Amino acid sequence: METKYPDWRDIAITAIAPITWGTTYVITKEWLPANRPLFSAVVRVLPVGLVLLALRRTLPRGDWWWRAAVLGMLNFGAFFALLYLGAYLLPGGLASVLQSTGPLLVIGLAAWLLSERIRPAAVAGALLGGGGVALLLARAPSSLSWLGVAAALGSVALSGLGFVLVKKWHPPVDLLTLVSWQLVAGGLFLVPLAWIIEGPPPSLDLPAIAGYLWLGVLGTGVAYWAWFRGLRRMDAGVASLIGLVNPVVAVALGVVVSGEAFGFPQALGSALVLIGVLIGQPAVTARFARRKVASPVQT
């Protein structure tokens, strides 16, 4: 029986998530209110969550009350608090490439919690992508904020565990309902935290409103629907590799919009990241193996 691999349509839809996530950093730097990471997280998470919950009209039942709360914390609440802290403290490209350290973590967690087979090609793709990350970091500023680095890496750890648990717990509802539960749970966690630490909401100009609409509707609602759809249709480790598209988008936007440094190491790093994504996809390695078997042996 032939093994069924994710098709290119599934891969393309899943890639919507990291592509839109890659815009987070430049939008945060250029358009959003300064030094308000928790407020930004609330605005990105809670409004779209409440809208989706109102549209789906389905509440959790039984164990899914606490499971939705845990997933909301891991994937949205604590995750976005750390994500935005890193986004404010680090250059856009650097903040995003630190997020790309997640695939190896997800591969390990998926093997442990889901008994997913560790695919050598997926590990190779993650390592190759990690090499690309190192090159993308080649011109990191000397005044690097290690608090920002810690926040970015912490967000990777939380979301990696959250993504694997979404697969392990087999949600009993459609994806939009699942996303709505998590967004509301994460948003409700963030609201008092933002008020205590940052105070009342700031005034918003039109660019800030446009930025929050983009990040809330496309970068959160649509993106997480696409991402969780991908997690349902492919191995968690394989899906996580697609997330490596995120830093490539962020670095490109950082160069074009913010004038961040870009040279040969960054170009090579971006290429390695994209190659890592491709070779980690089972469909690619299976096609290569079939061609190798079909090739006539030269004597």
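Everything discussed here concerns the structure shown above.
Residues numbered from 1 in each chain as written. Predicted model: local features only at pLDDT ≥ 70, side-chain atom pairs only at ≥ 80, totals over all residues. Heavy atoms only, no water.

A. Quick look at the overall build of the protein. Secondary structure assignment for the protein yields 14 helices and zero strands. Going residue by residue from the N terminus, the α and β elements of the protein occur as α-α-α-α-α-α-α-α-α-α-α-α-α-α. For the protein, the proportion of its 299 residues judged to be buried stands at 52%. Looking at the protein alone, contacts between residues at least 24 apart form 90% of all its contacts between residues at least 6 apart. Of the roughly 13,900 Å² of accessible surface on the protein, 69% is carried by carbon and sulfur atoms. (Helix = DSSP H or I, 4+ residues; strand = E, 2+ residues; numbered from the N terminus. Buried < 20%, exposed > 50% of the residue type's maximum accessible area, 1.4 Å probe, protein only. Contact = heavy atoms within 4.5 Å. Areas by Shrake-Rupley, 256 points an atom, 1.4 Å probe, with all protein chains shown as cover.)

B. Just unusual backbone geometry, in detail. Positive phi is not limited to glycine here, since N35 has a value of about 60 degrees. Mapped onto the elements of the fold, N35 is located in the loop between α2 (24–30) and α3 (37–56). Positioned with a positive phi, H170 is a non-glycine residue whose angle comes to about 50 degrees. In this structure, H170 sits in the loop between α8 (146–168) and α9 (175–198). Judged by relative accessible area, H170 falls into the exposed class, the value being 61%.

C. Representation of the nonpolar core. Membership of the largest hydrophobic core comes to 60 residues, with the highest contact counts inside it found for F80, Y224 and F228. Excluding residues within four positions of it along the chain, F228 makes contact with N75, F76, F163, V166, L175, V179 and Q182. By size, the runner-up hydrophobic cluster in this structure holds ten residues, among which are A122, V248, V249 and V277. (Core = buried A, V, L, I, M, F, W, Y, C linked by side-chain atoms within 4.5 Å.)

D. Quick look at empty space enclosed by the protein. In this structure the tally under the stated criterion is two cavities of 30 Å³ or more. Taken as a whole, the second largest cavity spans an internal volume of roughly 70 Å³. Lining the second largest cavity we find I107, A111, E116, R117, I118, R119, A122, D235, G237 and V238. Put simply, the parts of the chain that give the lining of the second largest cavity at least two residues each are α6 (102–113) and α11 (236–242). (1 Å grid on protein atoms, 1.4 Å probe; cavity = no way out; pocket = protein on both sides within 12 Å on 5 of 7 lines; lining within 4 Å. Points joined across faces, edges and corners; volume = space filled by probe spheres on them.)

E. A look at α9. Between its terminal C-alpha atoms α9 stretches 33 Å, which fits the 34 Å expected from 24 residues at 1.5 Å a residue. At the C-terminal side of α9, G199 shows a positive phi close to 85 degrees. (Expected span 1.5 Å × (residues − 1).)

F. Structural context of the environment of K167. Mapped onto the secondary structure, K167 falls in helix α8. Under the relative-accessibility criterion, K167 is labelled buried at 19%. Separated by 53 residues in the primary sequence, K167 and L114 have C-alpha atoms spaced 7.9 Å apart. Excluding anything up to four places from it in sequence, K167 contacts L114, E116, L231, R232, M234, D235 and A236.

G. Examining the packing of α3 against α9 more closely. One way to put it is that α3 packs onto α9 with a least axis distance of 7 Å and a crossing angle of 145 degrees. The two elements α3 and α9 cross, and the hand of that crossing is left-handed. (Axes fitted to C-alpha atoms, helices over the stretch in contact; angles between N-to-C directions. Left-handed = near helix turned anticlockwise from the far one by under 90°.)

H. Structural context of the packing of aromatic side chains. Counted by the stated rule, this structure contains 13 aromatic pairs. Note on W21 and Y224: the rings are 5.0 Å apart at their centroids and 45 degrees apart in plane angle, and the pair reads as tilted. With W21 in helix α1 (residues 8–21) and Y224 in helix α10 (residues 206–233), the pair connects residues that are 203 residues apart, well separated along the chain. Of the two residues, W21 and Y224, neither departs from the other in class, the shared state being buried. Ring geometry for F39 against Y212: centres 5.9 Å apart, planes inclined by 85 degrees, an arrangement best described as edge-to-face. With F39 in helix α3 and Y212 in helix α10, this residue pair connects regions lying 173 residues apart in the sequence. On the basis of relative accessible area, F39 is assigned to the buried category, the value being 12%. Here the basic side chain of R67 rests over the ring of W64, its NZ or CZ set 5.7 Å away from the ring centre. (Phe/Tyr/Trp six-rings, centres within 6.5 Å; stacked < 30°, edge-to-face > 60°. Lys NZ or Arg CZ within 6 Å of the ring centre and 35° of its normal.)

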